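Results of the structural survey
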Amino acid sequence: MHTSLEQISATKCFGGWHKRYRHRSRVLDCDMIFGVYLPPQAEQDASLPVLYWLSGLTCTDENFMQKAGALKLAAELGLVIVAPDTSPRGEGVADDPDGAYDFGLGAGFYINATQQPWAAHYRMYDYVTAELPALVEANLPVSERRSISGHSMGGHGALICALKNPGRYQSVSAFAPIINPVNCPWGQKAFGGYLGNDRAQWEQWDTCELIAGAQERLPLLIDQGEADNFLDEQLKPQALEAAAAAAGHPLTLRRQPGYDHSYYFIASFIDDHLRHHAVALQS
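Report on the accompanying structure. Here the structure is a predicted model, which means the values were calculated and not measured.

Conventions used here
- Residues numbered from 1 in each chain as written.
- Predicted model: local features only at pLDDT ≥ 70, side-chain atom pairs only at ≥ 80, totals over all residues.
- Heavy atoms only, no water.
- Core = buried A, V, L, I, M, F, W, Y, C linked by side-chain atoms within 4.5 Å.
- Buried < 20%, exposed > 50% of the residue type's maximum accessible area, 1.4 Å probe, protein only.
- Helix = DSSP H or I, 4+ residues; strand = E, 2+ residues; numbered from the N terminus.
- Disulfide = S-S within 2.5 Å.
- Arc of directions from axis to C-beta.
- Contact = heavy atoms within 4.5 Å.

Topic: the nonpolar core
Generally speaking, a soluble globular protein has its nonpolar side chains buried in company with each other. Membership of the largest hydrophobic core comes to 93 residues, with the highest contact counts inside it found for Phe 34, Ile 81, Phe 109, Ile 148 and Tyr 194. In terms of residue count, helix 10 (residues 263-282) provides more of this core than any other element does, eight residues in total.

Side note on the environment of Ala 267
Note that Ala 267 resides in helix 10. Once the C-alpha coordinates of Ala 267 and Pro 185 are considered, the two residues, 82 residues apart in sequence, prove to be 27 Å apart.

Comments concerning the state of the cysteines
This model, assessed by the stated rule, comprises zero disulfides. Just so you know, Cys 161 is unpaired, no disulfide at all, and the nearest cysteine sulfur is the one on Cys 208, 16 Å from it. The class for Cys 161 is buried, based on a relative accessible area of 0%. Just so you know, Cys 208 is unpaired, no disulfide at all, and the nearest cysteine sulfur is the one on Cys 184, 10 Å from it. The class for Cys 208 is buried, based on a relative accessible area of 14%.

Details of helix 9 (residues 237-247)
Within the sequence span of helix 9, burial applies to Pro 237, Leu 240, Ala 243 and Ala 244. On an axial view of helix 9, the arc spanned by its buried residues comes to 120°, and they lie on one face. Opposite the packed face of helix 9, turned more than 90 degrees from it, sit the exposed residues Ala 245 and Ala 246. As for helix 9, its buried residues are in contact with helix 7 (207-210), strand 8 (220-225), helix 8 (231-235) and strand 9 (251-256). Directly beyond the C-terminal end of helix 9, a positive phi value near 70° is found at Gly 248.

No statement about biological role is implied by the geometric values presented.
Right, here's the structure in full:
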């Protein structure tokens with residue numbers, strides 16, 4: 001690899017290590033930081049499977065690692081977890097001029113922007129699916145067996161990454177994903193800004209549109225809180241149910257009464273998702 005990793009922190013946790021690395025991204029043309037949890041098995045095994053976690057709006061690489069309560073079971077299962085940032089950052093990287101939380105910094109939406117000034121840096125899809133895994137696999141004790149998961153905007157990212165890349169991931173799951181961004185305010189704002197006004201371009205990054213022509217029927221595991229404030233306007237899980245049914249795509253959509261959009265919700269069900277991925281990664 002021509003790109004080197006700079007370790008910026010290392011913290012012992014459940015017998016393994018949570019580490020943060022900085023590197024120069026050629027795809028995003030900026031410095032990026034990502035977090036990785038290396039379970040204790042990494043000291044003896046240089047080919048562990050990896051779960052990539054994509055976080056939601058406003059998050060960084062740190063939110064999931066600190067709040068999800070995933071590392072204890074990851075240590076038991078021998079899973080490496082990699083959590084990238086949610087957007088490019090740094091001097092010269094464009095941001096929403098009004099400082100909105102749902103566009104610009106912290107809101108890359110895991111797509112490749114085509115419109116200026118965003119196209120210069122906002123290529124999070126290429127970063128997550130290609131550049132980051134290549135970097136991780138070249139420098140850390142991991143195999144090429146990958147799974148992917150995420151929350152909200154990151155749930156959208158996890159689903160489209162899996163649907164657009166048959167054979168790349170062993171499994172996929174999501175918490176409260178933005179299912180149908182072409183038909184919700186968050187998605188319409190982001191896609192209009194990053195991709196322009198051609199809705200045909202938007203559909204290339206929409207789970208409900210992609211699922212009909214998916215070349216691989218990787219089972220989808222989705223958890224959705226029924227007390228989520230964004231449920232009706234932004235998330236619309238019923239759209240995924242309809243699209244999956246029409247395509248014959250395997251879907252487990254669990255509606256969880258009383259749960260909201262927060263990391264309390266994620267922490268409540270993260271073990272189920274880790275076990276789901278471990279079965280696929282270690283089979």
